[in-house]
Structures are given as structure tokens and as C-alpha cells.
Amino acid sequence: MLSQHIGHTRWRTLRVRRILPRLVGAVGARPRPPSDQSLARIRYTPITRPFKEVAQLSARIARQQGFSATGEKGKAEGLLLDVAELWELFLLHCTRRAFPALRVEHGTTAGSDSFLLHAAADSHKRMGRLKPDILVRNGEQVVAVLDAKYKRLLNYWPERPAGVDREDLYQLASYLARHDPGGNAVGGLLYPHDTGEDKRATAEMDGPWRAASGSIVVFERVATGEVEAISQIQDLLTPGFG
């Protein structure tokens, strides 16, 4: 059902592909969502009892039903999604599609080279781990350091007159200092493009920028459609690979 709605099966991770045949063997290729009566007849053990609400929620999603509303104070029913993380994973996917010949890493899985400081007396003691969302490598050389920002890239006086939060700017500078001290990479903060917003921030209009080390720095609003985003990321980062 999910593949039919999305139009492809690329959402299936390795673990999903391994488990899916067992699920199909248990419920068939075209299972129907269980009824409320069937769910009520399930006998949960102390170990499986915490999954009762998950089973009910899964059945509701499979039936394409919404959440019930209540006026009772202090009580709500719903589903929380970390959209900022979804934006990060979307950009990671699009960057991998944009540069299949390069190694695109999820920065949160970076190893020991991602720390800003090492103790002078013991290099195994580290401090200030730097975890950019996306690292693009050509062999061992870092060619792009990217961070996803699920917020608006828009001038706002006096907090961000150029459109970029100061903390985000310092964060990107730290990433580049650690991963690209030679100034050969492209650094970027990538924001979702709001189709209803025509104004462009100063950081975007006057870009690309150049850091003291020589790194090219971009601040861009990226399309939320896959094809458009892939093309845009290719255009943004290709100058750094020359």
C-alpha cells in the first residue's frame, strides 16, 4: 500500500527488505486492516503490552483514518513528526542522487576526525564534536560540508539582518575549519524553499561567499521536490569540485 501511494520502493531499507517476506508470509500479499473487534481480542503479555497503542495507531493509519478530537482539558491525540530531521534526510538523499560517484556521508555518523579539539597530552581525549549533516568526499578529500536548516532564510532585523542566524553561521565556520582547513570545499546552509515567499535574504542574493581559508560558502533555499532539489544541489556544489 505504501509503495503504491509513493510510486516506488526506494523507502525500503535493508532491514525492511529482510523482514518484509516474513510479514507477507504471515498476512498474505493483500492483507486487510484488522477490525476493532480483532484488536480487542488480542491478549498482551507484560512484555508486549506497551505495543497495544502502537497496534491501534498502525491499524488507524492503514485504514487512512484521522485522529479523534476531544475537548477534555490537558488531553490530546495526535502524531508528532520531526520535520527538521525529515528535511535533513531528504537533502542527504538528494545529494547522494546528485553525486553518485562521490561518497556522501551522514555527518552524524562521522568518526574520531569530527572533534574540534584534542588534548595536548593525550590525543585520545577529545572535546567539541562537530557533526555537520552532510559530508561529501572525493576519495579522502572533503569537497562539501552541508547543514540542513528547517527554517526561513529571510532578513529579520535586528536578530538576523542578512537572513542567517549567527549561531548557524558560526557553526558552519567551525565545520569548515575542522573538515576543510585548506579551503578547497563548498560549505552551505540549505533551507526549504517556500513557494509563497518571493523575498530573498541578503545572504542568498549576495552569494556565493568566500571564507578566509578560501572555502566557497552558500546559503540557499532548496526546492522540496526531489528532481528539482537534485538539480539545484548539483548546480550549487559543482564549482567546488573543479
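In this text, all values refer to a predicted model and were calculated from it rather than measured experimentally.

> Help me understand the packing of aromatic side chains, please; the structure alone is not making it clear to me.
Two aromatic rings are characterised by how far apart their centres lie and by the angle between their planes. Evaluated as defined, the whole model comprises one aromatic pair. Measuring from ring centre to ring centre gives 5.6 Å for Trp-87 and Phe-90, while their planes differ by 25°; the resulting arrangement is stacked. One end of the pair is Trp-87 and the other is Phe-90, both in helix α5 (residues 83–98) and three residues apart, which spans about a single turn.

> Please explain the nonpolar core as it appears in this structure.
Grouped burial of nonpolar side chains is what soluble globular proteins tend to show. Within the largest apolar cluster, 24 residues are counted, with the highest numbers of intra-cluster contacts made by Leu-91, Ile-134, Ile-233 and Leu-237. At the level of secondary structure, the elements contributing two or more residues to this core comprise α5, β4 (134–138), β5 (141–148), β6 (186–192), β8 (216–222) and α8 (226–237). The element best represented in this core is α5, accounting for six residues. The contact partners of Ile-233, leaving out residues within four places of it in the chain, are Leu-91, Cys-94, Thr-95, Ala-98 and Phe-99. If you look at the next biggest cluster of nonpolar residues, it comprises 15 residues, including Leu-153, Tyr-175, Ala-201 and Phe-219.

> Looking at this model, I keep getting lost on the confidence of the model for the protein chain. Mind explaining?
The predicted coordinates of low-pLDDT regions are not to be read in fine detail. Of all residues in the protein chain, 89% attain a pLDDT of 70 or more, and the chain-wide mean is 86. When mean pLDDT is taken per element in the protein chain, β6 scores highest with 96 and helix α1 (residues 2–6) scores lowest with 72.

> Help me understand the sheet that holds β6 in this model?
Sheet strands pair by backbone hydrogen bonding; their relative direction is either parallel or antiparallel. Strand order in the open sheet made by the six strands is β1-β4-β5-β6-β8-β7, with mixed pairing throughout. Each edge of the sheet is formed by a strand with only one pairing partner; in this case those strands are β1 (103–106) and β7 (209–210). Sheet topology note: the β1/β4 ladder contains four bridges and is antiparallel. Residue Val-104 lies in a different strand from β4, and its bridge partner there is Val-136. Sheet strands in contact with helix α6 (residues 166–179) are β4, β5, β6 and β8, and its direction is about 160° off that of β5. Relative to the sheet, α8 contacts β5, β6 and β8, its axis offset from that of β8 by approximately 165°.

> So what exactly am I meant to see when it comes to the environment of Glu-88 here?
Here Glu-88 is to be found in helix α5. Given a relative accessible area of 13%, Glu-88 falls into the buried group. The sequence separation of Glu-88 and His-106 amounts to 18 residues, and the corresponding C-alpha distance is 9.4 Å.

> Is there a simple way to explain the pattern of salt bridges in this structure?
When the charged atoms of two side chains lie near each other, side chains of opposite charge can form a pair. By the definition in use, this model includes twelve salt bridges. Its salt-bridge partner being Glu-105, residue Arg-103 comes within 3.4 Å of it at the nearest N-O pair. Residue classification places Arg-103 among the partly exposed residues on the basis of a relative accessible area of 37%. Residues Arg-200 and Glu-204 are paired through a salt bridge, measuring 3.9 Å at the closest nitrogen-oxygen approach. Relative accessible area serves as the criterion here: at 41%, Arg-200 is assigned to the partly exposed category. A network of salt bridges, in which partner residues are shared, links Asp-147, Lys-149, Lys-151, Arg-160, Asp-165 and Asp-168.

What counts, and at which threshold
- Residues numbered from 1 in each chain as written.
- Predicted model: local features only at pLDDT ≥ 70, side-chain atom pairs only at ≥ 80, totals over all residues.
- Heavy atoms only, no water.
- Phe/Tyr/Trp six-rings, centres within 6.5 Å; stacked < 30°, edge-to-face > 60°.
- Helix = DSSP H or I, 4+ residues; strand = E, 2+ residues; numbered from the N terminus.
- Core = buried A, V, L, I, M, F, W, Y, C linked by side-chain atoms within 4.5 Å.
- Buried < 20%, exposed > 50% of the residue type's maximum accessible area, 1.4 Å probe, protein only.
- Contact = heavy atoms within 4.5 Å.
- pLDDT = per-residue confidence, 0-100.
- Pairing = 2+ DSSP bridges.
- Axes fitted to C-alpha atoms, helices over the stretch in contact; angles between N-to-C directions.
- Salt bridge = Lys/Arg side-chain N within 4 Å of Asp/Glu carboxyl O.

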